[in-house]
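Results of the structural survey
These are the residues of each chain, in order.
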Amino acid sequence: MNALANIQPEDGLDVDGLVVRLRDLRNLSQRRRYRGPTPALPSRKTVIAAFDDLVSALYPRHFGPQGLSADEIDLFVGKTLRSALRALQGQIRLELALEADDGAEAGRAAEIAAVYAAELPAIRALTDSDARAGFEGDPSAISMDEVIFSFPGFAATLRHRLAHPLYQLGLPILARIASEDAHGRTGIDIHPGAKIGE
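Bear in mind that the values here come from a model prediction, so they are computed numbers and not experimental data.

Describing the nonpolar core
In summary, soluble globular proteins display a tendency toward joint burial of nonpolar side chains. Counting residues in hydrophobic clusters, the biggest one holds 34 residues, and the most contacted among them are F51, I92, Y116 and L162. Contributions of two or more residues to this core are made by α2 (44-58), α4 (70-99), α5 (105-118), α6 (120-137), α7 (144-150), α8 (152-168) and α9 (172-186). Top contributing element to this core by residue count: α2, with seven residues. Setting aside anything within four residues of it in sequence, one finds I92 in contact with A109, I112, A113, L171 and L174.

Here is the structure:
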């Protein structure tokens, strides 16, 4: 049975015809872009959720669930990191598959995810210095917690510091998704390839 048969015309609109025309254009576009079968694409929603989780894991008292006790923080961070890094590894595999024909994406994705994960403590140390600089450099700031919670510059820099290693590891699509999400949230546009010191 044709799935289009279930679509009912509304107000005289030819939805069935639009679906067919859009499918034809989509197929033409895909034939122009890809040599073989159409590959699966990374998911913007999954990448953004993984980055939100990474932010929560780096700053669990600020962005994790309210009321985490000192005994619960490490458990939360571990669970959140596992989930975020697993999701990110899947997205890395999908981006690698867009460029590769050798089928070795899964192994390379695991290696890249491990290299990326190893960068997280250094990222946390840098973002702590960013928060300190925001507090010390802005007379309106009342605390470092306010900077971490509220300052768009800190939010943009934190997400940039998470996106930049992906860019360096050869994953420009994932890095750009993350940086454009930060741009949309903060109004601050930082290219994921930009190098920012302390």
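On we go.
Considerations on the environment of P152
Assignment of secondary structure puts P152 in helix α8. P152 sits in the partly exposed class, given a relative accessible area of 41%. In this structure, the C-alpha to C-alpha distance between P152 and R185, residues 33 residues apart in sequence, is 8.1 Å.

Some remarks on the layout of surface pockets
Which parts of space are left empty comes out when a probe the size of a water molecule is rolled across the atoms. Each pocket or cavity is described by its volume, and for the second largest pocket that value is around 170 Å³. For the second largest pocket, the full set of lining residues is E119, A122, I123, L126, H160, R161, H164, P165, Q168, A194, K195 and I196. Taken together, the elements giving at least two residues each to the lining of the second largest pocket come down to α6 and α8. Split by residue class, the lining of the second largest pocket holds six nonpolar, three polar and three charged.

Some details on empty space enclosed by the protein
Applying the stated criterion across every chain, the model contains one cavity of 30 Å³ or more. Here the largest cavity defines a volume of roughly 40 Å³. Forming the boundary of the largest cavity are A156, R159, H160, S179, A182, H183, I188 and I190. When the residues that make up the lining of the largest cavity are grouped by side-chain class, the tally is four nonpolar, three polar and one charged.

Topic: the pattern of salt bridges
Across all of its chains, the model carries seven salt bridges by this definition. R159 serves as the salt-bridge partner of D181, at 3.9 Å between the closest nitrogen and oxygen. On the criterion of sequence distance, the pair formed by D181 in helix α9 and R159 in helix α8 is long-range, its members being 22 residues apart. Given a relative accessible area of 9%, R159 falls into the buried group. Between D181 and R185 there is a salt bridge, with its nearest N and O atoms 2.9 Å apart. Taken together, the positions of D181 and R185, both in helix α9 and four residues apart, correspond to about one turn of that helix. For D181, a relative accessible area of 11% puts it in the buried group. Taking relative accessible area as the criterion, R185 reaches 45% and is therefore assigned partly exposed. Salt bridges linked by common partners bring D52, R159, D181 and R185 together as one network.

Notes on the packing of α2 against α9
Packed helices, taken two at a time, are described by the angle between their axes plus the distance between the axes. Remark: α2 packs on α9, axes separated minimally by 9 Å, with the N-to-C direction vectors making an angle of 70 degrees. As the angle between them shows, α2 and α9 are arranged roughly perpendicular. Where α2 abuts α9, its residues R44, V47, I48, F51 and D52 lie against L174, I177, A178, D181 and R185. Residues belonging to the contact of α2 with α9 are distributed by class as follows: six nonpolar, no polar and four charged.

Definitions and cut-offs
- Residues numbered from 1 in each chain as written.
- Predicted model: local features only at pLDDT ≥ 70, side-chain atom pairs only at ≥ 80, totals over all residues.
- Heavy atoms only, no water.
- Core = buried A, V, L, I, M, F, W, Y, C linked by side-chain atoms within 4.5 Å.
- Buried < 20%, exposed > 50% of the residue type's maximum accessible area, 1.4 Å probe, protein only.
- Helix = DSSP H or I, 4+ residues; strand = E, 2+ residues; numbered from the N terminus.
- Contact = heavy atoms within 4.5 Å.
- 1 Å grid on protein atoms, 1.4 Å probe; cavity = no way out; pocket = protein on both sides within 12 Å on 5 of 7 lines; lining within 4 Å.
- Points joined across faces, edges and corners; volume = space filled by probe spheres on them.
- Nonpolar A, V, L, I, M, F, W, Y, C, P; charged D, E, K, R; others polar.
- Salt bridge = Lys/Arg side-chain N within 4 Å of Asp/Glu carboxyl O.
- Axes fitted to C-alpha atoms, helices over the stretch in contact; angles between N-to-C directions.
- Parallel < 35°, antiparallel > 145°, perpendicular 65-115°, else oblique.

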